[in-house]
Amino acid sequence: MTEAAAKPVRLPGRLLAPAFGLTALLLISPAAVAASVVPAWPAWALVAAAGLSFAGAVLTARRDRPDVRPVTAAFVALLAAVVVAAALAYREDGWQTLFSLLAVAVALVLPVRAAPPLVAVAAVLATIVPVHSSVGEALWGAGLTTFLAGITTYGFRRMGEVIAELARTREALAVAAVSAERLRFSRDLHDLLGHTLSMVVVKAEAVRRLVPRDTEAAMRHAADIEAIGRQALTEVREAVTGYRDASLAFELDSARAALDSAGIDCVVKESGPALSWETDMLLSWVVREGITNVVRHSGARRCVITLRRDRDPVLVEISDDGPGDDGGDAGADGSADGSADGSGDGSGDDRTGGKDGSGLRGLRERLAVAGGRLTTVRTPRGFVLTAEIPHAGVDDDDGKDGL
C-alpha cells in the first residue's frame, strides 16, 4: 500500500456545501423523532452531537496535516458512538438515518484504502444494533441504505480525486512537452548551424587565400558562401517548424562538397536498399555531425564514409586519417572518451580524450530514442565514428512525399 493511498487526501472545498447539505437532510428524521419524545433534551443532544461530530470530521479533513488526521478519526469515532447510542436508546425508525450519516463521513474523510471496509462495518452496525427490528428487516432497510449511501459517497470522492490527478498529470505532460520541444529546437539549431558555419569558415579562408592570386576562384567560393547562407536560413526556418527534411542523400552531397573545400579526399561506400524516412533522417544527422568534426578538427587528408543498409542494425561509419587538433592520442575503447566535439562552442577537440561536446551528446540522444548507439574510437591511423540503428524497414517513397 502506497503512502498516497493510505493517507486521507485534503477534502476539496467544493465538497463542503454538498456535505453539509447532506448532513441537514439526514438529520431531518432524527430531529423529528427528537421533537416527539419526552424528555426531548437527551434526543436533541444526540442529534446535535451527531451533526457537530460530522462537521468536525469534514472541517478537519480540509487540513491535510499529519497532526490533524487523528482528530478527524476521533470525530468519526465520536459520531459512531452517538449513532449507536441513539439506536440503542430509542426504538423509533427515524434514528436509522444516522447510520447513513456515519457511512458518508467514513467514505468522505478517512483514508482511501480504509474507507470501503469501514463503510461495510457501518452497514453491519445498522443491521444488528437496532434491537426493535428483525435482522432481515434491518438488513434490507437500514443496512442496505447505509451501505449504498457510503459507497456512493466513496465513488464520488474517488472520481474527484482521479479528475484532480488527471489535471495534474496534464499539466506535468504539458511542461514535459515544452521541455522536449526546447531540447529538440536547441539540438537541431546546433546541428544545423555548426555544420553550416564550419563550411562558411572553410570557404572564407579559401577566399582569403585566393584573392591575391586567383580572383575568379575566390569569387566562386564567395558565391558558395552566399548559397550556403541562403540554405542555412531555409533550414533554420524548417527547424523552427519542426519539419526539416534532412535527407541522407542531401547530407552526403553536402559532405563531399565540404570535404572538397577543406582539401580532404572523400570516399563514400554504400550498400543496401532504401531506408525508412525515420532511419534515413537519423543517419543524415550522423553524417552531418561527423563531417563537421572532420572538417573542423581532424587535419585529415582522407575521409571514408561507409553506409551499410543491408544489415541489422544499419551502420554508418566515418573514418579519417587525421591526428586531431593537437595530434594527441585518445582512448580506443569505443566509448565517448575519444569523441569529437561538434559543438562549436570553443570547448576544444574531444578527439583528444575530452568529454562529449553538445553535437555528440545530441547525436547520442537521437540514436538512443531509436534504440541505436554511437561509438567513437581513436586509432593510430586516425579517428572512427560509428553509429548503429535498428532496421526500421524499407520505405519505397522514403516517407517524404508529403513533406
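Residue numbering note: each chain is counted from 1, following its sequence as written. Thresholds applied to this predicted model are a pLDDT of at least 70 for local features of residues and 80 or more for the giving and counting of side-chain atom pairs; totals over whole chains, interfaces and linings are not thresholded and use all residues. Heavy atoms throughout the structure, all of them, feed into the side-chain values; hydrogens and water do not.

## Side note on the environment of threonine 279
Phase 1: Residue placement: threonine 279 occurs in helix H10 (residues 277-298).
Phase 2: Measuring from C-alpha to C-alpha, the distance between threonine 279 and valine 314 comes to 8.5 Å, with 35 residues separating the pair along the chain.
Phase 3: N or O atoms within 3.5 Å of each other form a polar contact, as long as, within protein, one can give a hydrogen and the other can take it, and as long as residues adjacent in sequence are counted only when both atoms are side-chain atoms. For threonine 279, the side chain forms a polar contact with the side chain of serine 276, separated by 3.1 Å. The helix and strand labels rest on DSSP assignments: H or I over at least four residues marks a helix, E over at least two residues marks a strand, and numbering proceeds from the N terminus.

## Section: the pattern of salt bridges
Phase 1: Counted as salt bridges are all cases of a side-chain nitrogen of Lys or Arg within 4 Å of a carboxyl oxygen of Asp or Glu. Applying the stated criterion to the full structure yields eight salt bridges.
Phase 2: One salt bridge in this structure joins glutamate 165 and arginine 168, with 2.6 Å as the shortest N-O distance. Of this pair, glutamate 165 and arginine 168 are both found in helix H7 (residues 135-210), three residues apart, which corresponds to roughly one turn of the helix.
Phase 3: Relative accessible area serves as the criterion here: at 39%, glutamate 165 is assigned to the partly exposed category.
Phase 4: When accessible area is computed with a 1.4 Å probe and restricted to protein chains, residues below 20% of their type maximum are described as buried, those above 50% as exposed, and intermediate ones as partly exposed. Judged by its relative accessible area of 49%, arginine 168 is partly exposed.
Phase 5: One connected set of salt bridges, linked through shared partners, spans Arg157, Arg158 and Glu161.

## Observations regarding a nonpolar patch on the surface
Phase 1: A surface patch of nonpolar side chains, about 240 Å² in accessible area, is lined by Leu144, Phe147 and Leu148.
Phase 2: Its place among the elements puts phenylalanine 147 in helix H7. Within the patch definition used here, like charges are joined within 9 Å and nonpolar side chains (Val, Leu, Ile, Met, Phe, Trp, Tyr) within 5 Å, considering only residues with over 30% relative accessible area and no salt bridge. Accessible surface is estimated by sampling points in the Shrake-Rupley manner with a 1.4 Å probe; for residues, cover comes only from the protein chains shown.

## Quick look at the state of the cysteines
Phase 1: Our working definition of a disulfide is a cysteine sulfur pair at a distance within 2.5 Å. Summed over the entire model, instances satisfying the criterion amount to zero disulfides.
Phase 2: This cysteine, cysteine 266, is not joined by any disulfide, and cysteine 303 carries the nearest cysteine sulfur, 5.8 Å off.
Phase 3: Among the residues examined, cysteine 303 registers a relative accessible area of 0% and is labelled buried.

## Digging into the pairing of strand S2 (residues 302-308)
The side chains of a regular strand alternate, first on one face of the sheet and then on the other.
Phase 1: Counted residue by residue, S2 has five buried out of seven residues, so it is predominantly covered.
Phase 2: As a crossover connection, the stretch from strand S1 (residues 265-271) through H10 into S2 is left-handed.
Phase 3: The sheet contact formed by S2 and strand S3 (residues 314-320) spans six bridges and is antiparallel. Looking at S3, one finds that isoleucine 305 is bridged to isoleucine 318.
Phase 4: Criterion used throughout: strands pair if DSSP finds at least two bridges between them. Here S2 folds back onto S3, and the loop between the two strands holds five residues. Place the viewer so that the strands point away; then a crossover is right-handed whenever the path from the first strand over the helix to the second strand goes clockwise.

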